[in-house]
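Results of the structural survey
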Amino acid sequence: MRIDKYLWCTRYYKTRNVAANAVKKGQVKINGDAVKPSREVYPMDEIRVRKNQIDYQFTVLDIPESRVGAKLVDIYRKDTTPKEAFANDELLKFAKDHYRKKGTGRPTKKDRRDIDGYLDDSE
């Protein structure tokens with residue numbers, strides 16, 4: 001089975017077109033090598049998918065006939081993603097909460113109080 005079709009069948013991507021584009025961009029690697037969307041997937045292949053700033057890693061156990069339900073996905077792959085990848089995602093969420101985009105204007109009173117409170121806590 002093609003890698004783009006496999007990623008779609010195992011519900012890593014919502015459409016096959018999105019999966020093919022991710023493979024073309026180099027966000028998918030099989031056994032450490034960047035591949036094309038037409039690359040065949042075989043059992044025991046190690047696949048790494050970079051999605052939403054997380055490196056998902058899994059091993060192919062079997063090839064599905066067609067798209068499978070969410071509860072049946074674990075029959076066809078073994079997830080080996082390290083827990084640290086998800087911890088880094090939590091840190092990114094906290095960083096985005098406290099980030100002001102450039103050009104949004106002067107800080108409001110609430111922003112200033114938050115900044116003052118942050119500076120007072122660190123001292």
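In case you missed it, the structure is sitting above this.
Residues numbered from 1 in each chain as written. Predicted model: local features only at pLDDT ≥ 70, side-chain atom pairs only at ≥ 80, totals over all residues. Heavy atoms only, no water.

Side note on the sheet that holds strand β1 (residues 28-30)
Sheet architecture is open: five strands sit in the order β2-β1-β3-β4-β5, paired in antiparallel fashion. The two strands at the open ends of the sheet, each matched to only one other strand, are β2 (33-34) and β5 (77-79). Pairing geometry for β1 and β2, over two bridges, is antiparallel. Directly across from Ile 30, in β2, lies its bridge partner Asp 33. (Pairing = 2+ DSSP bridges. Helix = DSSP H or I, 4+ residues; strand = E, 2+ residues; numbered from the N terminus.)

As for the packing of aromatic side chains
The description of an aromatic ring pair rests on the distance of the ring centres and on the angle between the ring planes. Taken as a whole and assessed by the stated rule, the structure comprises four aromatic pairs. Aromatic pair Tyr 6 and Phe 58: ring centres 6.4 Å apart, planes at 20°, arrangement stacked. In this pair, Tyr 6 is assigned in helix α1 (residues 3-9) and Phe 58 in strand β4 (residues 54-60), connecting sequence segments 52 residues apart. For the pair Tyr 6 and Phe 58, one class covers both residues: buried. Cation over ring: Lys 51 sits above Tyr 13, and NZ or CZ is 5.0 Å from the ring centre. (Phe/Tyr/Trp six-rings, centres within 6.5 Å; stacked < 30°, edge-to-face > 60°. Buried < 20%, exposed > 50% of the residue type's maximum accessible area, 1.4 Å probe, protein only. Lys NZ or Arg CZ within 6 Å of the ring centre and 35° of its normal.)

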